[in-house]
Amino acid sequence: MTAKTASPPRQRRKEARPQELLGAALELFVEKGFAATRSEEVAARAGVAKGTLYLYYPSKEDLLRAVVRENLSALIAEGATIAGSFEGTTQDLLALLMTTWWERVGNTQASGIFKIIITEMGNFPDFARFYMEEVIEPGHDLFSRVLERGIASGELRPVNVLDAVHVLIFPMLMMCLHKHSLGACTDMSHMMDPTSFIQTHVDVVVRGLLVRADEPAATAPARKRR
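Applying the stated criterion to the full structure yields six aromatic pairs. Relative to Phe 124, the ring of Phe 34 has its centre 5.0 Å away and its plane inclined at 80°; by these criteria the two rings are edge-to-face. A residue pair is termed long-range when its members are at least 10 positions apart, and Phe 34 in the loop between helix H1 (9-32) and helix H2 (39-46) and Phe 124 in the loop between helix H6 (112-120) and helix H7 (125-152) qualify at 90 residues. Residue classification places Phe 34 among the buried residues on the basis of a relative accessible area of 1%. Exposure remark for Phe 124: the relative accessible area of 18% places this residue in the buried category. Every member of this aromatic cluster is reached through a ring pair, and the members are Phe 29, Phe 34 and Phe 124. In this structure, Lys 60 packs its charged tip against the face of Phe 34, placed 4.7 Å from the ring centre. Above the face of the Phe 130 ring, Arg 65 is positioned so that its terminal group lies 5.6 Å from the ring centre.

Put into structure tokens, the structure is as follows:
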């Protein structure tokens, strides 16, 4: 076998540059807000010229789209792959998906994306539509398929699947918002351990969805159109 020749430092730097720009953008968007962050600030934090930033991301909204795809869209697609081959119970699958989500998003700087979406996206309707198509709809589809899987197998009783998805997801988003509001000002870690909370949350929700002895299992009701 022949040894691989290492890439020159300049080439390695160029290949890493998009990731460095996305990391700098995420930090600044969370710290200052999307509207208040200037493109030159992102370039400066990444250690590049403003013109270099525009070569990769022509506008600030293009940059935010790339941040969302990198941190959220890719994880949803990965979750769909996991769900498609998972052989355990629905409760175990939900716990796996939501714990992984917290480790990769909630427990990282990416958790601040949800603060940006809730506080600022009313002023950016084009991006709001992108977020709906790129994150909300695929996320709903993923968790809807997981619940429908449990209903079809007889593990869960028929419910309004879209409502049940919201019951699952909204507390997770609230943990992220708490982290970037009260949690940013005072240490409240003694009041809630995210990993324990997720396990308890899934347990409580799934117990409410389990087929009861006095009612038969049935097929999943049709999802409402969004």
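This is not the end of the story, as more comes after the structure.
On to the packing of helix H5 (residues 90-106) against H7, then. Where H5 contacts H7, the axes come no closer than 9 Å and their chain directions differ by 165°. Comparing their axes, H7 and H5 come out roughly antiparallel. Regarding H5 and H7, the two cross each other, and that crossing is right-handed. The segment H5 lies against H7, with Thr 90, Leu 93, Leu 94, Leu 97 and Met 98 engaging Leu 142, Phe 143, Val 146, Leu 147, Arg 149 and Gly 150.

A complete count under the given rule lists 12 salt bridges for this structure. Measuring nitrogen to oxygen at the nearest pair gives 3.2 Å for the salt bridge that ties Arg 45 to Glu 27. Within this pair, whereas Arg 45 is found in helix H2, its partner Glu 27 is found in helix H1, the two being separated by 18 residues in sequence. Residue classification places Arg 45 among the partly exposed residues on the basis of a relative accessible area of 39%.

Conventions adopted
- Residues numbered from 1 in each chain as written.
- Predicted model: local features only at pLDDT ≥ 70, side-chain atom pairs only at ≥ 80, totals over all residues.
- Heavy atoms only, no water.
- Phe/Tyr/Trp six-rings, centres within 6.5 Å; stacked < 30°, edge-to-face > 60°.
- Helix = DSSP H or I, 4+ residues; strand = E, 2+ residues; numbered from the N terminus.
- Buried < 20%, exposed > 50% of the residue type's maximum accessible area, 1.4 Å probe, protein only.
- Lys NZ or Arg CZ within 6 Å of the ring centre and 35° of its normal.
- Axes fitted to C-alpha atoms, helices over the stretch in contact; angles between N-to-C directions.
- Parallel < 35°, antiparallel > 145°, perpendicular 65-115°, else oblique.
- Left-handed = near helix turned anticlockwise from the far one by under 90°.
- Contact = heavy atoms within 4.5 Å.
- Salt bridge = Lys/Arg side-chain N within 4 Å of Asp/Glu carboxyl O.

That's the geometry; what it means functionally is another story.
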